[in-house]
Amino acid sequence: MRTARDFELTKACRSNSPAVLPQFKLELWTQAMSNTLASQMASLNAQGITVWLRFAYEMNGAWMDFGQDPVEYVAVWQQVVTAVRAVAPSTYFLWSPNIYAPSVGGISGYSEYYPTAAYVDLAGISYYSLGGNQVQNDLAGPTDFSDSFQTFYDTYSPAHPIVISETSAPEHYIIPANSPYINLPSDSEIPGGADSLDFSQLVPANTTNDKTPVSEVTRKSTWFEEMTGAAAVALYPKLFAVMWFNLAKTGGYLDVIRLNDYRAVKTADDPVTQYFRTAIGNETAYQLNIVSSADSSSPFSTLSPTLAGSAVAKASGLTTSKASGSTRLQVCLVLGSAWLFGMLAVLV
């Protein structure tokens, strides 16, 4: 099992963070696909790029094409890890379920999908502050983060560095019947991009029952600070990465659909953007000559046809600076045009 030193933590912001999301059942995954993926990771490593590979994440979710099949998942995961490690020693595997289930066990929990410590380099979790019924703008309580995160941390931190693979505290908007967004399917991005949103066509959602409404920047900053502030640093010394989902899209719960703004980075004058610029910094990776922009020369743009039906994401930018609250925090901004790319990564 590889040690934390192998991750070159002082260079964490220089790593690439691709995600491979099969859009089919894993019983269709083949050894040839594993070998192709291994070749692509080897190509990146040969360029001096360290990779954290998040393969088939949120596998415990029924919303995934390959979801809720722990036996098949573990077998494919182990096959992929074996193939990649044979040729790409600077690629590290980020195992990443979703925390949505009330129990850690069972088909919707995450423990049955753990492929054993020998096949995992980093253990991560998707964990959002979604508000009441996942559609209302409730402020996270002071222990909301730790209440569910503690068990995951206690279970996997003895063997692995810990990552929050996806997070946000989205602002939910009701879509009126006459809104141009009313016919967007669930889980759809905004035509023209999130910066083109016309908020006059939307109505902010309420809070649950008699909870006091707060601003979007208060909700997002509160959740962010619960994960990255001095108290969290003291409680979770092996938590060293938090990735913020930086997109606006439709979604909801049961039959209630909202337009949800997850972003930390919006227009320059937005209070949310101003908060994160103050807390994190604003220097891009391109200015630091750490990474180049994603273009046709990227290994991911020529991924073999044997992986047709999979979505592959490549980190396309980041910022780095010190965050308030702890001298151990490095902060990296990872952005891109597709929803799989939209992450804000905080590296501790």
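Look up a bit, the structure's there.
A short tour of the structure in this document, coming up. Note that this is a predicted model, so its numbers are computed, not measured.

Moving on to the sheet that holds strand 7 (residues 203-204). Taken in spatial order, the four strands line up as 7-6-10-9 in an open sheet, and their pairing is antiparallel. At either margin of the open sheet sits one strand with a lone partner, and together these are strand 7 and strand 9 (248-253). With three bridges joining them, strand 6 (residues 171-174) and strand 10 (residues 256-261) adopt antiparallel strand pairing. Directly across from glutamate 171, in strand 10, lies its bridge partner aspartate 261. Where helix 4 (residues 216-228) meets the sheet, it contacts strand 6 and strand 10, and its direction lies at approximately 145 degrees from that of strand 6.

A few words on the pattern of salt bridges. As enumerated under the stated definition, the model contains 10 salt bridges in all. When the shortest N-O distance is used, the salt bridge between aspartate 261 and arginine 263 registers 2.9 Å. Of the two residues, aspartate 261 and arginine 263, neither departs from the other in class, the shared state being buried. Here lysine 266 and aspartate 261 are joined by a salt bridge, their closest N and O atoms 2.9 Å apart. In this pair, the class of lysine 266 matches that of aspartate 261, namely buried. Each of Asp195, Glu216, Lys220, Asp261, Arg263 and Lys266 takes part in a single network of salt bridges with overlapping partners.

On to the nonpolar core. A general tendency of soluble globular proteins is for nonpolar side chains to be buried together. Formed by 60 residues in total, the largest nonpolar core has its most connected members in Phe55, Tyr73, Trp95, Phe149 and Phe152. Per element, the largest residue contribution to this core is eight residues, and it comes from helix 2 (residues 70-87). Setting aside residues up to four positions removed in sequence, phenylalanine 55 forms contacts with Val20, Pro22, Trp29, Leu37, Tyr73, Val76, Trp77, Val80 and Leu94. Tyr181, Ala194, Leu202 and Leu259 belong to the second-largest nonpolar core, a separate cluster that totals nine residues.

Let us look at the packing of helix 4 against helix 6 (residues 271-280). Relative orientation of the contacting elements helix 4 and helix 6 amounts to 30 degrees, with a least axis distance of 9 Å. As summarised for this structure, helix 4 and helix 6 are arranged roughly parallel, according to the angle between their axes. Along this stretch, helix 4 crosses helix 6, giving a crossing that reads as right-handed. Seen from helix 4, the contacting residues are Glu216, Val217, Lys220, Ser221, Phe224 and Glu225; seen from helix 6, they are Pro271, Val272, Tyr275, Phe276, Ala279 and Ile280. Residue composition of the contact of helix 4 with helix 6, grouped by class: eight nonpolar, one polar and three charged.

The next point concerns the pairing of strand 2 (residues 51-55). For strand 2, a buried count of five out of five residues is recorded, marking the element as mostly surrounded by other parts of the structure. Every second residue of strand 2 is oriented toward a common face, with Val51, Leu53 and Phe55 on one face and Trp52 and Arg54 on the other, all of them buried. Pairing of strand 1 (residues 19-22) with strand 2 involves two bridges; the strand directions are parallel. Bridge pairing in strand 2 places alanine 19 opposite arginine 54. As a crossover connection, the stretch from strand 1 through helix 1 (residues 31-46) into strand 2 is right-handed. Relative to strand 3 (residues 91-95), strand 2 is paired through three bridges, and the arrangement is parallel. In the strand pairing of strand 3, valine 51 is matched with threonine 91. On the question of chirality, the crossover connecting strand 2 to the parallel strand 3 by way of helix 2 is right-handed.

Rules of the game
Residues numbered from 1 in each chain as written. Predicted model: local features only at pLDDT ≥ 70, side-chain atom pairs only at ≥ 80, totals over all residues. Heavy atoms only, no water. Pairing = 2+ DSSP bridges. Helix = DSSP H or I, 4+ residues; strand = E, 2+ residues; numbered from the N terminus. Contact = heavy atoms within 4.5 Å. Axes fitted to C-alpha atoms, helices over the stretch in contact; angles between N-to-C directions. Salt bridge = Lys/Arg side-chain N within 4 Å of Asp/Glu carboxyl O. Buried < 20%, exposed > 50% of the residue type's maximum accessible area, 1.4 Å probe, protein only. Core = buried A, V, L, I, M, F, W, Y, C linked by side-chain atoms within 4.5 Å. Parallel < 35°, antiparallel > 145°, perpendicular 65-115°, else oblique. Left-handed = near helix turned anticlockwise from the far one by under 90°. Nonpolar A, V, L, I, M, F, W, Y, C, P; charged D, E, K, R; others polar. Right-handed = clockwise from strand over helix to strand, strands pointing away.

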